[in-house]
Amino acid sequence: MPSEKKISSASDCISFMQAGCELKKVRPNSRIYNRFFTLDTDLQALRWEPSKKDLEKAKLDISAIKEIRLGKNTETFRNNGLADQICEDCAFSILHGENYESLDLVANSADVANIWVSGLRYLVSRSKQPLDFMEGNQNTPRFMWLKKVFEAADIDGNGIMLEDTSVELIKQLNPTLKESKIRLKFKEIQKSKEKLTTRVTEEEFCEAFCELCTRPEVYFLLVQISKNKEYLDANDLMLFLEAEQGVTHITEDMCLDIIRRYELSEEGRQKGFLAIDGFTQYLLSPECDIFDPEQKKVAQDMTQPLSHYYINASHNTYLIEDQFRGPADINGYVRALKMGCRSIELDVNDGSDNEPILCNRNNVTTHLSFRSVIEVIDKFAFVASEYPLILCLGNHCSLPQQKVMVQQMKKVFGSKLYTEAPLPSESYLPSPEKLKRMIIVKGKQLPSDPEVLEGEVTDEDEEAEMSRRMSVDYNGEQKQILLCRELSDLVSICKSVQYRDFELSMKSQNYWEICSFSETEASRIANEYPEDFVNYNKKFLSRIYPSAMRIDSSNLNPQDFWNCGCQIVAMNFQTPGPMMDLHTGWFLQNGGCGYVLRPSIMRDEVSYFSANTKGIVPGVSPLVLHIKIISGQNFPKPKGACAKGDVIDPYVCIEIHGIPADCSEQRTKTVQQNSDNPIFDETFEFQVNLPELAMIRFVVLDDDYIGDEFIGQYTIPFECLQPGYRHVPLRSFVGDIMEHVTLFVHIAITNRSGGGKPQKRSLSVRMGKKVREYTMLRNIGLKTIDDIFKIAVHPLREAIDMRENMQNAIVSVKELCGLPPIASLKQCLLTLSSRLITSDNTPSVSLVMKDNFPHLEPLGAIPDVQKKMLAAYDLMIQESRFLIEMADTVQEKIVQCQKAGMEFHEELHNLGAKEGLKGRKLNKATESFAWNITVLKGQGDLLKNAKNEAIENMKQIQLACLSCGLSKAPSSGAEAKSKRSLEAIEEKESSEDNGKL
């Protein structure tokens, strides 16, 4: 059957609109009507029927259209009672007339909405020019390039070529296409022309290429950002990179360089424009990858104590199959170390000829010599990461063979072995930076008496110990083994000790001692004592290993233990699946070095955090993640699918992993029988309360599967997401990147109530005053301390009000511009400027700098619509200015309360005892104290971030006003004055900061 024709040009959009289709017409009274809309053959008017109006009145002249908006971005949509039932991506509005009245419509799919929006924008932008596109696409840059490609391959110069040659030529231009699909397209074209020959003409070659290689979703995007041209120039590209992709400090030369590298036609490279094919190549390139390039190198502070990092850890590293039957294999170590693993396990037993060996206790027929293993470890230890490698030594050897182990480790590892005795005067472990290229042995130690040359210690065989505990004969005693002094002395800062309880550990455990917990025990502790577990892990290392019941070597969920601050969560690297996906994805960040810095709320000595939190984390501003799943590319058939053809019905699941309050999952609709370029066009929102611990997992599945539904997945830490239009490279079930298999998505991260990183986190979402939430301080029960914290209540409310008022003012401007909350301020100003241009193409307002803030002043009488927009703009500047000028004063009050409170930290228990607080009441007072300190620190930081955001916004607004021509005198003198104004804000702020220092 002929495949459905794709939209690949403006004329395709126009043809579709002229044929007409049914759209839903939305009225302000919440009523929705089905109407059939068409475009007149003369392209002058839009008509709909049935209508009670006269036929001549049930139309809209193209010349009256002011603007076309995609999405639910008008008052009618925002106030309609049924708006929640309308898909954002299917809605669009046509604003017309001098008062910007809106005709609000809903298509039956996002694809149809995009066709109408693109076609109408094209018509409006061309309304003052002769419409020549109906003559065909023969003169577009793309067709001129394709003709040259055809002519170069047409050796005979006859204007025709063999179908085989044409197929090969298209495959060279687009290697992702299947040969069968190209041949089918040629047959369709020839059948439509009732041709009997299989030779291909130049016109047929161009038609086939455009239909096969044009991704409609990329075409709609290109038309949108190119102001309705069919190519991008350097200015279009610069605006796209700044406003959509969050790229800073972009220049015209950088954009021209991108065009030169990705544009396929020689003409485009010379003239500086990027057509659809080059733009598609650019979007697919590593430059538009979803993963933040800054995180591809070590980007975090590596000078914190070792206990402040999550550490990439392997369980039973010597296995490449399950732990029940799998043989020991040296490749297990090679694989783990190449993946950045920084904690590996060696279960060592006595071998023949006084040579220690590693083997699986359930499969002793295959074993590895200890020497060969440590030689491989030495070779690969620091290939993927320079940071310390921990060897978890499971010692089951006799004393003579223990001494052989020591000799071999000293000989192979040499100076890399870290054996420095820990200093009792210190309180924390050394940092990864200090321990670079060091190998740390984790194991048991003898008492420090040097005269004791050997002694009994508890066995490190965790699985055997768990099995004994579960047996009916278990009497509570652990198995003992003999340990020699030489092996004991190799252990320095990772001495294995047994966990008793948190109260005892916090009093008597040394910082260089590490406890190992079975998955079952750690889960129980995490559920019963979540806050204590987090506090314990601020100072001490915790290692979690999978339950002995996992005989198939399945994996635990590492997120459950990361939420408690557990650093070393050991995974079965040999077992792929969702849990290993989370682990691999998490350690992609920070350059894949195997160490990830924990959130500050889990590191600060005095802070409150519970792993089981179901709501907002104190002192952390929640963010809203907006994900639009646009399309997929080249999905393979599931590997394990049987008795099924190559056709699949894909859908996408988006999973959010993190603290319990953040865990969520949503899915797209299913696209029937399309694996090459399924269009989803669905938008999802997720509130993320602790972004630093969150991960996003994209999973593509087959809805009509037999045997296996898995197509591909990609897991990425929240902090590594790049905003804008991105391609997600999907991985196979075993974790390998699949060539040319991608998801095309749009990512935006907005503030729910202020704060966030500059650029990536500087967008805003409205938070009305009625639903405003104030983070409350808790009563401790000690009057002296409670009186101090009461002083902070007013400054805290002021801080939240200032942030929320600024955010709400920004969102009001966006709404009046008809833009969604995820839009950038630059996009706002571009829309605003287009509304503030008079009929003779001159601006009706001018940029005026008042006290270094960018104000817009009317240049005469302006209509009410413009007055309303200017009033919203003025309020945004006013709220931003108030925050910039008042933030330091309010933050100083909060910081002073925090400092005053911290002075009582050491004496808290004594004060509580004097007031008669003990047991649970004293613990509650301590917890409330930590909560208050966390809130004060967090809100102070959020206010500081909001001030930086406001300053950045003012600079962006001023630059945008200048580039949009809203300056009275765009002379070099005016530009110099503007630059001085920008610098003045920066200098003022930096001088204030220096004054504080």
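Residues numbered from 1 in each chain as written. Predicted model: local features only at pLDDT ≥ 70, side-chain atom pairs only at ≥ 80, totals over all residues. Heavy atoms only, no water.

J.: Describe in detail the overall build of the protein chain, supporting the description with residues and values.
T.: Along its length, the protein chain carries 29 helices and 35 strands. Each of the 997 residues in the protein chain was classed as buried or not, and the buried ones make up 56%. Contacts in the protein chain between residues at least 24 apart in sequence constitute 69% of all its contacts with a sequence separation of at least 6. Split by element, the accessible area of the protein chain, about 43500 Å² in all, is 50% carbon and sulfur. (Helix = DSSP H or I, 4+ residues; strand = E, 2+ residues; numbered from the N terminus. Buried < 20%, exposed > 50% of the residue type's maximum accessible area, 1.4 Å probe, protein only. Contact = heavy atoms within 4.5 Å. Areas by Shrake-Rupley, 256 points an atom, 1.4 Å probe, with all protein chains shown as cover.)

J.: I'd like a description of the sheet that holds strand β3 (residues 45-49), backed by residues and values.
T.: Pairing is antiparallel across the open sheet formed by seven strands, whose spatial order is β4-β3-β2-β1-β7-β6-β5. The sheet terminates laterally at β4 (59-61) and β5 (65-70), the two strands that pair on one side only. For this sheet the average axis-to-axis angle between neighbouring strands, irrespective of direction, equals 30 degrees. Across six bridges, the pairing between strand β6 (residues 91-96) and strand β7 (residues 101-106) is antiparallel. Considered in β7, the bridge of L95 is made with S102. Against the sheet, helix α1 (residues 10-19) touches β1 (21-26) and β2 (32-39), its axis set at about 120 degrees to β2. Lying on the sheet, helix α3 (residues 110-125) is in contact with β1, β2, β3, β5 and β6; it crosses β5 at an angle near 155 degrees. (Pairing = 2+ DSSP bridges. Axes fitted to C-alpha atoms, helices over the stretch in contact; angles between N-to-C directions.)

J.: Kindly report on the environment of R731, identifying the contributing residues and their values.
T.: Along the polypeptide, R731 turns up in strand β31 (residues 724-731). Look at R731 and you get buried, because its relative accessible area is 19%. Linking R731 and I711, residues 20 residues apart in sequence, is a C-alpha distance of 8.8 Å. When residues no more than four places from it in sequence are discounted, the contact partners of R731 are L588, F710, G712, Q713, Y714, D736, I737 and M738.

J.: Describe the confidence of the model for the protein chain, with residues and values.
T.: For the protein chain, per-residue confidence averages 86 on the pLDDT scale, and residues scoring 70 or more make up 89% of the total. With pLDDT under 50 throughout, residues 753-770 is counted as low confidence; its partners more than four residues away or in other chains account for 68 contacts. Under a pLDDT of 50 for its full length, residues 969-976 has, in the predicted model, three contacts with residues more than four places off or in other chains. (pLDDT = per-residue confidence, 0-100.)

J.: So what about the nonpolar core? Which residues, and what values?
T.: Residues L346, I377 and M409 are the most contacted members of the largest nonpolar core, which totals 78 residues. Structurally, this core is a two-domain feature, drawing no fewer than three residues from each of domain 4 (306-467 + 479-602) and domain 5 (623-750). Not counting the four nearest positions on each side in its chain, I377 is found in contact with Y333, L337, I344, L346, L389, L391 and F413. Formed by 59 residues, the second largest nonpolar core is a distinct cluster that contains C828, M876, L883 and A925. (Core = buried A, V, L, I, M, F, W, Y, C linked by side-chain atoms within 4.5 Å. Domains from an automatic or database assignment.)

J.: Could you give an account of helix α5 (residues 163-173), with specific residues and numbers?
T.: Those residues of α5 not exposed but buried are E163, S166, V167, L169 and I170. Taken end-on, α5 shows its buried residues confined to a sector of 160 degrees, consistent with a single buried face. Check the buried side of α5 and you find it contacts α4 (141-153), β8 (160-161), α6 (179-192), β9 (200-201) and α7 (202-213). (Arc of directions from axis to C-beta.)

J.: Break down unusual backbone geometry for me, with residues and values.
T.: Of all residues except glycine, most have a negative phi; of all peptide bonds, most are trans. Geometrically, the link from E49 to P50 is a cis peptide bond, its omega value of -5 degrees lying close to zero. In this structure, P50 sits in the loop between β3 and β4. The phi dihedral of Y100 is positive, around 55 degrees, even though this residue is not glycine. Tracing the backbone shows Y100 in the loop between β6 and β7. The phi angle at R437 is positive, at roughly 60 degrees, despite the residue not being glycine. With respect to the element layout, R437 can be found in the loop between α15 (399-413) and β17 (439-443). Residue classification places R437 among the partly exposed residues on the basis of a relative accessible area of 40%.

J.: A description of the packing of α5 against α7 should follow, citing residues and the corresponding values.
T.: The geometry of α5 relative to α7 is characterised by a closest axis approach of 11 Å and an angle of 40 degrees between their N-to-C directions. Here α7 runs oblique to α5, going by the angle between their axes. Crossing geometry of α5 relative to α7 is assigned as right-handed. For the pair α5 and α7, the contacting residues are S166, L169, I170 and L173 in the first and F205, A208 and F209 in the second. Across the contact of α5 with α7, the residue classes tally to six nonpolar, one polar and no charged. (Parallel < 35°, antiparallel > 145°, perpendicular 65-115°, else oblique. Left-handed = near helix turned anticlockwise from the far one by under 90°. Nonpolar A, V, L, I, M, F, W, Y, C, P; charged D, E, K, R; others polar.)

J.: Provide a residue-level description of the pattern of salt bridges, including the pertinent values.
T.: For the coordinates displayed, the defined rule picks out 53 salt bridges. In this structure, the salt-bridge partner of D236 is K229, at a minimum N-O distance of 2.7 Å. Like D236, the residue K229 is buried in the burial classification. Across the salt bridge formed by R881 and E885, the nearest N and O atoms sit 2.9 Å from each other. One end of the pair is R881 and the other is E885, both in helix α26 (residues 864-902) and four residues apart, which spans about a single turn. We classify R881 as partly exposed; its relative accessible area is 23%. Through salt bridges with shared partners, one network takes in E163, D164, E179 and R183. (Salt bridge = Lys/Arg side-chain N within 4 Å of Asp/Glu carboxyl O.)

J.: Tell me about empty space enclosed by the protein, and name the residues and values.
T.: As enumerated under the stated definition, the model contains three cavities of 30 Å³ or more in all. As a volume, the second largest cavity reaches approximately 90 Å³. Taken together, 11 residues make up the lining of the second largest cavity; nearest its centre are N395, G443, K444, L483 and L487. Where the lining of the second largest cavity is concerned, the elements lending two or more residues are β16 (389-396), β17 and β19 (480-484). Among the elements that make up the lining of the second largest cavity, the one with the highest residue count is β17 (three residues). Residue composition of the lining of the second largest cavity, grouped by class: six nonpolar, two polar and three charged. (1 Å grid on protein atoms, 1.4 Å probe; cavity = no way out; pocket = protein on both sides within 12 Å on 5 of 7 lines; lining within 4 Å. Points joined across faces, edges and corners; volume = space filled by probe spheres on them.)

J.: With reference to specific residues and values, describe the packing of helix α23 (residues 783-791) against helix α24 (residues 793-816).
T.: Angle between the axes and distance between the axes are the two parameters that describe a pair of packed helices. Interhelical geometry of α23 versus α24 gives an angle of 30 degrees and a closest axis separation of 4 Å. As the angle between them shows, α23 and α24 are arranged roughly parallel. Touching F789, K790 and I791 of α23 are V793, H794 and P795, all from α24. Tallied by class, residues from the contact of α23 with α24 come to four nonpolar, one polar and one charged.

J.: Talk me through the packing of aromatic side chains; I want residue IDs and the actual numbers.
T.: Remark: the centre distance and the inter-plane angle together describe each pair of aromatic rings, the angle taken between the planes. In total, this model carries 26 aromatic pairs according to the counting rule given. Centre to centre, the rings of Y536 and F540 are 5.0 Å apart; their planes meet at 40 degrees, and the pair counts as tilted. A single burial state applies to Y536 and to F540, both of which are buried. Feature note: the residues Y499, F502, F517, Y529, F533, Y536 and F540 constitute an aromatic cluster, connected by ring pairs. The aromatic ring of Y651 is capped on one face by R667, whose charged end is 3.8 Å from the ring centroid. Across from the ring centre of Y608, 5.3 Å away, lies the NZ or CZ of R778, which sits over that ring. (Phe/Tyr/Trp six-rings, centres within 6.5 Å; stacked < 30°, edge-to-face > 60°. Lys NZ or Arg CZ within 6 Å of the ring centre and 35° of its normal.)

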